[in-house]
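Close look at the chain arrangement
One letter stands for each residue in the lines below.
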Amino acid sequence: MRKLIFLALTGIAMCYNSAKAQHNADKVYDFVSVKKQPAFPGGISNFYRYLSHEIKYPEAAKKSNTKGKVFASFIVEKNGALTDIQIIRNLTPETDKEALRVLNKSPRWNPALQDGVPVRVKYNIAINFDLK
C-alpha cells in the first residue's frame, strides 16, 4: 500500500513539473533579464540600416512636415521571428502604419538565450521619422 501511495505521489509530482516546464516554455522574458540578448544579424547598427532602407516616408507625413519617433515593442521568438508587434507611442497614423509594415517584414533575429536555450524576449525600439 505504501508503495502504491508513493508511486501515485511521484506521478502527481512528475505531472506538475511537466506542466510547469511547459508553462515556462511560453514565458516572455524582459530584454535585460536574459544572459544573451536577441540581436539582429550583424548587430543593431545593421537593423537601423535595414530600417533606413525599408521605410518609405508616408506622403501625408511629408506634406505636413512630420518629424519624430514611433516607439514599438515586439517579441523576438525562439526561432528569431518578430511577433506581437505593437506601437507603444505613436507619431501619426501613417508613420505608425509604416513602422508596423517594416517590422512585420523584418528578417529573423538571433534569439535570446537563457542557460544556452533560446527564449522569447520582449524588445522595445524607437523608429525615427525625419525628412532629410
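Above: the structure in question.
The structure contained in this document is the topic of the report that follows. For every chain, the first residue of its written sequence is number 1, and the numbers climb from 1 along that sequence. Reporting of local features is limited, given that this is a predicted model, to residues whose pLDDT is at least 70; pairs of side-chain atoms are given and counted only at 80 or more, and all residues count toward the totals for whole chains, interfaces and linings. The basis for the side-chain values is all heavy atoms of the structure; hydrogens and waters are excluded.

Remarks on the pairing of strand β2 (residues 68–76)
For β2 and strand β5 (residues 117–129), the ladder comprises 9 bridges, and the chain directions are antiparallel. Paired with G68 across the strands is F129, a residue of β5. The criterion for strand pairing is that DSSP finds at least two bridges linking the strands in question. Under the DSSP-based scheme used, a helix requires at least four consecutive residues in state H or I and a strand at least two consecutive residues in state E, with every element numbered from the N terminus. Pairing of β2 with strand β3 (residues 82–89) involves 5 bridges; the strand directions are antiparallel. By the bridge assignment, S73 is partnered in β3 with Q86.

Remarks on unusual backbone geometry
In this model, N65 sits at a positive phi of 55 degrees, which is unusual for a non-glycine residue. Tracing the backbone shows N65 in the loop between α3 (59–63) and β2. Judged by relative accessible area, which is 46%, N65 ranks as partly exposed. Positive phi values are uncommon outside glycine, yet D115 reaches one of about 55 degrees. Relative to the helices and strands, D115 is located in the loop between β4 (112–114) and β5. Relative accessible area decides the class of each residue, using a 1.4 Å probe on protein chains only: under 20% of the type maximum gives buried, over 50% gives exposed, and in between gives partly exposed.

Details of the layout of surface pockets
The method works on a 1 Å grid over the protein atoms by themselves. A cavity is a set of points holding a 1.4 Å probe that cannot get out, a pocket is an open set with protein on both sides within 12 Å along at least five of seven lines, and residues with an atom within 4 Å of a point line them. Grid points are joined across faces, edges and corners, and a volume is the space filled by probe spheres set on the points. Empty space within the largest pocket amounts to approximately 270 Å³. Contributing to the lining of the largest pocket are 11 residues, with S52, I55, N128, F129 and D130 lying nearest its centre. Only α2 (44–54) and β5 provide two or more residues apiece to the lining of the largest pocket. Considering each element in turn, the lining of the largest pocket owes the most residues, 4 residues, to β5.

Points about the pattern of salt bridges
Salt bridges are identified by distance alone: a Lys or Arg side-chain nitrogen within 4 Å of an Asp or Glu carboxyl oxygen. Here the structure, examined in full by the defined rule, presents 5 salt bridges. Residue E98 pairs with R101 through a salt bridge whose shortest N-O separation is 2.6 Å. In this pair, E98 and R101 are both assigned in helix α4 (residues 93–104), 3 residues apart and thus about one turn of the helix distant. The class for E98 is buried, based on a relative accessible area of 9%. Among the residues examined, R101 registers a relative accessible area of 33% and is labelled partly exposed.

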